[in-house]
Amino acid sequence: MDAKAAGLGVRGGAFAGPAVAGIADGYVQPPPVPDVAPHLGAGRLDVEGVAGIAVVAAAHSDGYAATGHLLGLLAALPAPTKAGERFWSDLWRSSGTAYLLPVNMKAQVLRSLEGEGTALARQILSAIDEMTPPQRAAAGEVIGQALAESDHLPDLKTQVIGELWLRNLELTTWRVLHADRRWDDPDGRQAFLAAWTGT
């Protein structure tokens, strides 16, 4: 069975990697599957193996999806290569923060490609928090100009495109951090249930 038939997607570009199709925008490695040898076919899985896969998928799907979307937003920007150097320099000058420079995000981006997006999310939120309103507007203009030049967006003002991208980035980083909360703690779930049933 080939990767396409098996439901695996492969994205190209700066953030290439295999991923479960439809999960995490195709940019994040899927979570490890418990106790399933990769050479075994689906016909050799028992009920316990399928249940294990379902538990892993359910526990991590929000975080993986949010991390993948975060990487997808970054992948929409010019690549951090010689060709994209001017964009990243303009973004640094306009935003007033070095947190957004590729050299300062590289390690976090690479960790995110493996599914661990919290460090990248924290760094991006720190960068956004550092910006003054005029810096945010200027950064939005730089981002909007780059996105408008890619021809993938409707005919909107570059400032509007950039601001929408920044809002999406903020909400996505929040989703990554929120999904990282440990909801798999039985005591925490029980306390939550007790609090809400007692009101």
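Residues numbered from 1 in each chain as written. Predicted model: local features only at pLDDT ≥ 70, side-chain atom pairs only at ≥ 80, totals over all residues. Heavy atoms only, no water.

### Topic: the packing of helix α5 (residues 133-149) against helix α6 (residues 158-179)
A pair of packed helices can be characterised by two numbers: the angle between their axes and the separation between those axes. Two elements in contact, α5 and α6, have axes whose closest approach is 6 Å; the angle formed by their N-to-C orientations is 105°. Classed by the angle they form, the pair α5 and α6 counts as roughly perpendicular. Contact residues: Arg136, Ala137, Gly140, Glu141, Ile143, Gly144, Gln145, Leu147 and Ala148 in α5; Thr158, Gln159, Ile161, Gly162, Glu163, Trp165, Leu166, Arg167 and Glu170 in α6. Per-class residue counts for the contact of α5 with α6 are seven nonpolar, six polar and five charged. (Axes fitted to C-alpha atoms, helices over the stretch in contact; angles between N-to-C directions. Helix = DSSP H or I, 4+ residues; strand = E, 2+ residues; numbered from the N terminus. Parallel < 35°, antiparallel > 145°, perpendicular 65-115°, else oblique. Contact = heavy atoms within 4.5 Å. Nonpolar A, V, L, I, M, F, W, Y, C, P; charged D, E, K, R; others polar.)

### Remarks on the packing of aromatic side chains
The description of an aromatic ring pair uses the distance of the two centres, along with the angle that the planes make with each other. For the structure on display, the rule yields one aromatic pair. Residues Phe87 and Trp88 carry aromatic rings whose centres are separated by 5.0 Å and whose planes lie at 80° to one another, so their mutual orientation is edge-to-face. (Phe/Tyr/Trp six-rings, centres within 6.5 Å; stacked < 30°, edge-to-face > 60°.)

### Quick look at the confidence of the model for the protein chain
Mean pLDDT for the protein chain: 76, with 64% of residues reaching 70 or above. Within the protein chain, strand β1 (residues 8-11) has the poorest average pLDDT of any element, 32, and helix α2 (residues 85-95) the best, 96. Note that pLDDT drops below 50 for residues 1-25; the model gives that stretch 39 contacts with residues more than four away or on any other chain. (pLDDT = per-residue confidence, 0-100.)

### Overview of the pattern of salt bridges
Under the definition given, this model contains six salt bridges. Note that Glu85 and Lys82 form a salt bridge whose closest N and O atoms lie 3.9 Å from each other. Its relative accessible area of 46% is what places Glu85 among the partly exposed residues. On the basis of relative accessible area, Lys82 is assigned to the exposed category, the value being 68%. Here Arg86 ties to Asp90 by a salt bridge, and the two come within 3.7 Å at their closest N and O atoms. A residue pair is termed a helical-turn pair when its members lie 3 or 4 positions apart in one helix, as Arg86 and Asp90 do in helix α2 at four residues. By relative accessible area, Asp90 is classed as partly exposed at 23%. (Salt bridge = Lys/Arg side-chain N within 4 Å of Asp/Glu carboxyl O. Buried < 20%, exposed > 50% of the residue type's maximum accessible area, 1.4 Å probe, protein only.)

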